[in-house]
Amino acid sequence: FFQAVASPPSSNFLLLGPSGAGKTAFTTLLEAKSSLAPTKSHSTHTSQQSTLVTVTLPPTVPTGSNRYRSDNDPSLTEAMRNPIKYRVRDTPGHGKLRVSQGISELQTMSQSKDIKTRLRGVVFMVDTAALVDEATLRDTATYLHDVLLFLQKRAKNGSSSKRTTDIPVLVAANKQDLFTALPPGAVREKLEAEIDRIRKSKTKGLLDASADTGLEDEEEILGNDEQETFSFKLLEHEVGIKVDVVGGAVKGDLQEEFGSGVRRWEEWVGMCL
Ligand code: GTP
Ligand code: MG
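Cut-off values and rules
Residues numbered from 1 in each chain as written. Chains lettered and ligands numbered in written order. Predicted model: local features only at pLDDT ≥ 70, side-chain atom pairs only at ≥ 80, totals over all residues. Heavy atoms only, no water. Donors = N, O, S within 2.8 Å, 3.2 Å for Na, K, Ca; no water. Helix = DSSP H or I, 4+ residues; strand = E, 2+ residues; numbered from the N terminus. Buried < 20%, exposed > 50% of the residue type's maximum accessible area, 1.4 Å probe, protein only. Pairing = 2+ DSSP bridges. Axes fitted to C-alpha atoms, helices over the stretch in contact; angles between N-to-C directions. Contact = heavy atoms within 4.5 Å. Core = buried A, V, L, I, M, F, W, Y, C linked by side-chain atoms within 4.5 Å. Near = heavy atom within 4 Å. Polar contact = N/O pair within 3.5 Å; in protein donor to acceptor, adjacent residues only side chain to side chain. Areas by Shrake-Rupley, 256 points an atom, 1.4 Å probe, with all protein chains shown as cover. Nonpolar A, V, L, I, M, F, W, Y, C, P; charged D, E, K, R; others polar. Salt bridge = Lys/Arg side-chain N within 4 Å of Asp/Glu carboxyl O. Parallel < 35°, antiparallel > 145°, perpendicular 65-115°, else oblique. Left-handed = near helix turned anticlockwise from the far one by under 90°.

A. Focus on the coordination of the magnesium ion (ligand 2). The coordination sphere of the magnesium ion (ligand 2), as far as protein atoms go, consists of T24 (OG1) and S47 (OG), spread over 2.0 to 2.1 Å. Residue T24 is located in helix α1 (residues 23-34), and its partner S47 is located in the loop between α1 and β2 (51-56); the two are separated by 23 residues in the primary sequence. Given the relative accessible area of 12%, T24 is considered buried.

Structure representation (structure tokens):
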């Protein structure tokens, strides 16, 4: 007999961020939302391996190619019959596994020549209740800095004739259900200020090194303009990399009562599709 076949998932998203941010909890929730069958939770402990899951976008979430989909739009019925699928790669956030897994996935996925499997966006998840701790802030900002610097180099290396497609970044400001959580605006400011500090100390290190050897160092500075204080706006203006900071919660009342804790992240995903 004839069975309706959903379109194959073709859009990939990469989930990065420090350990304990909630990446696996988010992945598990997306899987649970995508199927009627109960999903077993993967998030009992720190991840050591990347996993790839296929999930669906809720039909009411608009997509970039179908921006004006509304509740009484006939395309909504179509979206419910044939939901849009996308893939999420969850990576371990532990410091020792970042280069071998998170950053290495970023390299592989962003180099995919196949338009069908190309990387559509990076979700960088942070625990907004943990950022008041100086060491956690420094660690989180360092990881984000390295991710953004990779994307900046990638954007520059793309030849002008065959421009590389942009990979936008969502900073998912998770755990907004906790009363100690910093609001998204404060998360943005803290990350920008800390990345600025990292940038400054890198520039200083480079100057010292080049004074020693007398050689010009090719290493570039995130956001290019070292005179300006770093901000995500500067990065967008100078390099064309768009970073959005959006609050949400995978767990807690926000999620359980309204089911809306991750809605705005799904909307960001939708706009990338
Ligand atoms: P690694 O695998 O080590 O990189 O960590 P991870 O980012 O995958 O973190 P994980 O999903 O394992 O979550 C860490 C802890 O945070 C778990 O105990 C989750 O239940 C908890 N958690 C995740 N999201 C939220 C949230 O929105 N609110 C609260 N209160 N807790 C959360
Ligand atoms: Mg995990």
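B. Geometry of the sheet that holds strand β4 (residues 119-127). Taken in spatial order, the six strands line up as β2-β3-β1-β4-β5-β6 in an open sheet, and their pairing is mixed. Lying at the two open borders of the sheet, with one neighbouring strand each, are β2 and β6 (243-247). Looking at each pair of strands side by side, their axes are set apart by 25° on average, direction ignored. Relative to the sheet, α1 contacts β1 (12-16), β2, β3 (85-90) and β4, its axis offset from that of β2 by approximately 40°. With respect to the sheet, helix α4 (residues 134-157) is in contact with β1, β4, β5 (169-174) and β6, its orientation differing from that of β4 by roughly 165°.

C. Main features of the nonpolar core. V147, L148 and F232 are the most contacted members of the largest nonpolar core, which totals 37 residues. Among the elements of the structure, β1, α3 (98-111), β4, α4, β5, α5 (184-213), α6 (232-239) and β6 are those that each provide at least two residues to this core. Per-element accounting of this core gives the leading share, nine residues, to α4. Excluding residues within four positions of it along the chain, F232 makes contact with L144, L148, R188, L191, E192, I195, I241, V243 and V245.

D. Structural context of the site of ligand 1. Within the structure, ligand 1 sits among 20 residues, and S19, K23, A25, G93 and D177 are positioned closest to it. In this structure, K175 approaches ligand 1 through a side-chain N or O atom, which is 3.0 Å from an oxygen atom. One of the backbone nitrogen or oxygen atoms of K251 is found 3.0 Å away from an oxygen atom of ligand 1. Within the complex, the protein chains bury 83% of what would otherwise be the 660 Å² of accessible surface of ligand 1. At three residues, α1 tops the list of elements feeding residues into the shell around ligand 1. Residues belonging to the shell around ligand 1 are distributed by class as follows: seven nonpolar, nine polar and four charged.

E. Expanded view of unusual backbone geometry. Despite not being glycine, K175 shows a phi value in the positive range, around 70°. For K175, the location among the structural elements is in the loop between β5 and α5.

F. Focus on the pattern of salt bridges. For the structure shown, the criterion picks out 13 salt bridges. In this structure, E220 and K156 form a salt bridge, with 3.2 Å as the shortest nitrogen-oxygen distance. Within this pair, whereas E220 is found in the loop between α5 and α6, its partner K156 is found in helix α4, the two being separated by 64 residues in sequence. Its relative accessible area of 40% is what places K156 among the partly exposed residues. A salt bridge links K233 to E236; the nearest nitrogen and oxygen atoms lie 3.6 Å apart. With K233 and E236 both in helix α6 and three residues apart, the pair spans about one turn of that helix. Judged by relative accessible area, which is 29%, E236 ranks as partly exposed. A cluster of three or more residues bridged by salt bridges with shared partners is formed by R138, E194 and R197.

G. Quick peek at the packing of α4 against α6. Where α4 contacts α6, the two axes come as close as 11 Å, and the packing angle between them is 15°. Between α4 and α6, the angle is such that the two are roughly parallel. Here the hand of the crossing between α4 and α6 comes out right-handed. Residue-level contacts link L144, L148, Q152 and A155 of α4 to F232, L235 and V239 of α6. Class assignment for the residues of the contact of α4 with α6 results in six nonpolar, one polar and no charged.

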